[in-house]
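Topology and contacts: notes
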Amino acid sequence: VETIGDCYVAATGLPVANPDHAIVMARFAKSCMSRMPVIMDKLAVSLGPSTRELCMRIGMHSGPVTGGVLRGEKSRFQLFGDTV
């Protein structure tokens, strides 16, 4: 959905609430973690061996959010709330 600092933020159960949103996100996180070594190997070939030092961290939060499009120089969708 967006980035915060060096973090990529993904969300599930939006815009329609999904009762198994945590399961969906956990499966997505597991898939990302299992694919990371393959991606690192490809990057090492194209960008050099130092890319093997890349790391991934995953944190999951669950709760209410509000989303909307921010207008300005670059319109973009953003999430708001304590969960974010």
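Refer to the preceding data block for the structure.
Note that the structure is predicted; figures quoted are calculated from it, not measured.

Bridge count between strand E3 (residues 66-70) and strand E4 (residues 76-80): five bridges; the pairing is antiparallel. Its bridge partner lying in E4, Thr 66 is registered against Phe 80. Between E3 and E4, which pair antiparallel one after the other, the connecting turn spans five residues, and Gly 72 there sits at a positive phi close to 160°.

Another aspect to go through is the pattern of salt bridges. As enumerated under the stated definition, the model contains two salt bridges in all. Two residues, Arg 57 and Asp 6, come together in a salt bridge whose shortest N-O distance is 3.3 Å. Linking Arg 57 in the loop between helix H1 (21-47) and E3 with Asp 6 in the loop between strand E1 (2-4) and strand E2 (7-9), this pair joins segments that are 51 residues apart in sequence. The pair formed by Arg 57 and Asp 6 is uniform in burial state, with each residue classed as exposed.

This part takes up the environment of Ile 39. Looking at the element boundaries, Ile 39 is found in helix H1. Between the C-alpha atom of Ile 39 and that of Arg 52, which follows or precedes it by 13 residues, the distance is 9.4 Å.

Position of Val 84 among the secondary structure elements: in the segment after E4. Val 84 gets classed as partly exposed once you look at its relative accessible area, which sits at 41%. Each C-alpha atom, one on Val 84 and one on Val 9, is 8.5 Å from the other, the two residues being 75 residues apart in sequence. Each residue touching Val 84, except ones within four places of it in the same chain, is listed here: Ile 4, Val 65 and Leu 79.

This brings us to the side chain of Thr 51. Looking at the element boundaries, Thr 51 is found in the loop between H1 and E3. Its relative accessible area of 13% is what places Thr 51 among the buried residues. In terms of polar contacts, Thr 51 uses its side chain to reach the backbone carbonyl oxygen of Leu 43, at 3.5 Å.

Of all bends in H1, the biggest is about 35°, found at Met 36, and the proline Pro 37 comes one to four residues later. Here H1 has its buried residues at Met 25, Ala 29, Met 36, Met 40 and Ala 44. Two residues or fewer past H1, Gly 48 is found with a positive phi of approximately 115°.

Procedures and definitions
- Residues numbered from 1 in each chain as written.
- Predicted model: local features only at pLDDT ≥ 70, side-chain atom pairs only at ≥ 80, totals over all residues.
- Heavy atoms only, no water.
- Pairing = 2+ DSSP bridges.
- Helix = DSSP H or I, 4+ residues; strand = E, 2+ residues; numbered from the N terminus.
- Salt bridge = Lys/Arg side-chain N within 4 Å of Asp/Glu carboxyl O.
- Buried < 20%, exposed > 50% of the residue type's maximum accessible area, 1.4 Å probe, protein only.
- Contact = heavy atoms within 4.5 Å.
- Polar contact = N/O pair within 3.5 Å; in protein donor to acceptor, adjacent residues only side chain to side chain.
- Bend = angle between axes of the 7 residues up to and from the residue.

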